[in-house]
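Close look at the chain arrangement
Each chain is listed here by its residues.
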Protein chains: 2
Amino acid sequence: MKSVNIGICGLGTVGGGTFNVLRDNAELITARAAARLQVIHVGARHDSPACDLAGIRVSRDIFEVARDPEVDILVELIGGTTVARELVEAAIIAGKHVVTANKALIAEFGNEIFALAEKHGVEVRYEAAIAGGIPIVKALREGLAANRIEWLAGIINGTGNYILTEMRDRGREFADVLAEAQALGYAEADPAFDVEGTDAAHKLVILASLAFGMPLQFDAVYTEGITELTTQDVGYALELGYIIKHLGIAKQTDQGVELRVHPTLIPDDLLLAEVDGVKNAILVEGGAVGPTLYYGAGAGARPTASAVVADLIDLARADVSARLPALGVAIADLRNVPIIPIEKVKTPWYLRMEVADKPGVLSRVASIFSEQGISIEALIQRAPGQGQTLVSLIVLTNKAPQGSVDIAVSEIEALETINGKVTRIRVEALDG
Amino acid sequence: MKSVNIGICGLGTVGGGTFNVLRDNAELITARAAARLQVIHVGARHDSPACDLAGIRVSRDIFEVARDPEVDILVELIGGTTVARELVEAAIIAGKHVVTANKALIAEFGNEIFALAEKHGVEVRYEAAIAGGIPIVKALREGLAANRIEWLAGIINGTGNYILTEMRDRGREFADVLAEAQALGYAEADPAFDVEGTDAAHKLVILASLAFGMPLQFDAVYTEGITELTTQDVGYALELGYIIKHLGIAKQTDQGVELRVHPTLIPDDLLLAEVDGVKNAILVEGGAVGPTLYYGAGAGARPTASAVVADLIDLARADVSARLPALGVAIADLRNVPIIPIEKVKTPWYLRMEVADKPGVLSRVASIFSEQGISIEALIQRAPGQGQTLVSLIVLTNKAPQGSVDIAVSEIEALETINGKVTRIRVEALDG
């Protein structure tokens, strides 16, 4: 039987999980791959108490793994984009296939890395970089390969989804839930990657390139976090029949591609609206198949290891390299489609403002919308509480470009009868 | 660029859909496969008005396609298990890869067909046979290949799920919804395949073999339809916090494998409980990844074509045959695990009986359960209506083997104070 020799760099959460899944499931993995997948070399700054490294070569210098002539596949699980990039490129140049869980690396330097791999006739696999154990890369690259992908929308950051779920179900405020998530270890000490949307943007840009066959363009993603959301808006959205989710959305249009990460109101009867807590899910609209949805654990040692090892089994099963282009088509076939600037992207909007309880305010606000060509779908006005002079005015608009909404909002905020800022959240029906 | 020559047998709904998806998406399919997928030969009893066959060889004798030396891949879409089997075997012997959407053929004769394909060094692909356009075969065979699959549970018959959804949402009776579904063309004129569970059993046995690496054993599937379900039970289930779904369930246990299709109460907060109408979804519990769910259209011309063409693209991309064993492992590595007889399968139960409103009845029923070692989790008793002497008694049990429940139910039905039959539906929490 064929043997495939694996070198793992990084023995942290995912590295340790990968090592142990390969060991625990060795028998079934051998049967499925029709090959023995053996970890022969580990590169890590220190050993992991969770991993039994007896009989395995261990290097403190991870580049030793890339230089090891016996290693067939290098697994990069050190994270970051500087050393990780050097390591991955060294492995490719040495003729090794690479498997990585590093979303930042692929999103920001994938074009260069895939080109280098194509040149050297090796493959770079990254199933674990997006949505943990959910085989979404395989679904897009292979399972849905017959389809023109029209759009996709994903809950692709578990920490953010956990926070939103708690805000909705328990009426807790953002900062409060975040502090708890940090204490429980769900969120990093610096949670900006999660709650500001950078992590989701990394994943979205990879999904979009796979779906639409275009080069990775991380800088073109419009990114808005969930830090400004209030339980008040979460509650109003519920009243209107919507759930607020932090979505990554990629969509093909006649003008180009929309790439955006932002809080979004979605109808509460969608399956995606039911995805709660730290789970991830991606809804994909294919031209032939229609909507399909993929749900599961988006992070964690063993779910992420499941995806890393699936890539290893795929490479072991394949007798020939370059069978599956990293982004679904050969690099020369990637299309240079324009990314639509966010000002021109049209969605319905949820707008909330605090207005003086006086005659004429509503008609003034309505005429500002009208001047910008924005039509109103629904409107809720709350009666003022005892002794209060301000009322909440909630407006659901029809589809309008962000540029027009920007102008309308700044004009509304300038009115004397309006108190403070207008809260704005996009709405998506996700039905076409 | 490489060309791959395709022969399609059968130009019905799925055949026409496949032909048109290949034509409509030719450009993107060529880029993704790095090969031109050309339909060069069609075998069909008559032409289809939906398909432009200009320039394509057309045979009324479908075996001409299997004999055509220029055909690389034969697509079997004629259905049935007699001629279809001969056709597929002829193609394999002629050295062609085969793609099929025929669940009955694979479920009943897959062992023989896969063995023949292995012998002749070709591949048989069947993504379209299960859950239409959802890439669940690929997910199990490749995406989750690192996992010991603990169990899976699927809504894998759209017609049945449509009927159950209507019964729940509109309080309509089974026969009424079925008649409408037939009029709308959702259900066949002979709906037995759908509502008696045969269609689901075909799909389940394939999913189980893929998940657990064992030979196909269609005869071992326990199958119960939805024809006996009443809106009354659907309503009581809702009150208890459950949705009734017609599920295919496959589960590994220490004693062997459970394979069963039956109406099932599942907790209403599960994502699977939210899958309504004609949609399909499969929930898979992997040892490493935890639960993942795959959702989408389970039937229809273009969704099924999406899966057929995905298989074609996979075969075109692969330079070497036999890269992916049909059931995930080589035939010699399939395990002969026992299928557990349904009498020994343990689940909680929902039991409903109409009892006389007299003292002592409840204690008699309770003692019958107790004698069979069945413990009661919850009990609802409805007060009798005006002028009625019978009350509905609904019992939720803890886990109990079907054999014990059979005995208890027959003893209860023999009581004079019980009217008619006891309604029995299994409960699954689907959490481990």
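Right, let's walk through the structure included here. All figures in this text were calculated on a predicted structure; none of them were measured in a lab.

What follows concerns the relation of the copies chain A and chain B. For these two chains of identical sequence, chain A goes onto chain B by a turn of 180 degrees and a shift of 0.0 Å along the axis, with RMSD 0.0 Å. Taken together, the turn and the small shift mark the pair as related by a two-fold rotation axis. Across chain A, the smallest distance between a C-alpha and the rotation axis is recorded for A:Tyr294, namely 2.5 Å. A shared binding surface is used by both copies, with 100% of the interface residues of chain A retained as interface residues in chain B.

Here we come to the interface of chain A and chain B. Taken together, the contact between chain A and chain B spans 52 residues of the former and 52 residues of the latter. Together chain A and chain B conceal approximately 4300 Å² of surface at their shared face, both sides included; 57% is due to carbon and sulfur atoms. Linking chain A with chain B are two salt bridges, by the criterion used here. A:Glu142 is the partner of B:Lys138 in a salt bridge, and the nearest nitrogen-oxygen pair spans 2.7 Å. Among the elements that line the side of chain A that touches chain B, the one with the most residues is helix H12 (residues 301-317) of chain A, at eight residues. Of the residues that constitute the side of chain A that touches chain B, the class distribution is 30 nonpolar, nine polar and 13 charged. Examined bridge by bridge, strand S12 (residues 290-297) of chain A and strand S12 (residues 290-297) of chain B share three bridges and lie antiparallel to one another. For A:Tyr295, the partnering residue across the bridge sits in S12(B) and is B:Leu293.

Here we come to the pattern of salt bridges. On inspection of all chains with the given rule, the structure shows 63 salt bridges over all chains. With its nearest N and O atoms 2.5 Å apart, the salt bridge here joins A:Arg424 to A:Asp406. Of this pair, A:Arg424 sits in strand S18 (residues 418-427) while A:Asp406 sits in helix H14 (residues 402-414); the two residues are 18 residues apart in sequence, bridging distant segments of the chain. A single network of salt bridges, built from pairs that share partners, joins A:Glu123, A:Arg125, A:Lys138, A:Arg141, A:Glu142, A:Asp314, B:Glu123, B:Arg125, B:Lys138, B:Arg141, B:Glu142 and B:Asp314.

Basis of the calculations
Residues numbered from 1 in each chain as written. Chains lettered and ligands numbered in written order. Predicted model: local features only at pLDDT ≥ 70, side-chain atom pairs only at ≥ 80, totals over all residues. Heavy atoms only, no water. Least-squares fit on C-alpha atoms with pLDDT ≥ 70 in both. Contact = heavy atoms within 4.5 Å. Buried area = accessible area lost by both parts, 1.4 Å probe. Salt bridge = Lys/Arg side-chain N within 4 Å of Asp/Glu carboxyl O. Helix = DSSP H or I, 4+ residues; strand = E, 2+ residues; numbered from the N terminus. Nonpolar A, V, L, I, M, F, W, Y, C, P; charged D, E, K, R; others polar. Pairing = 2+ DSSP bridges.

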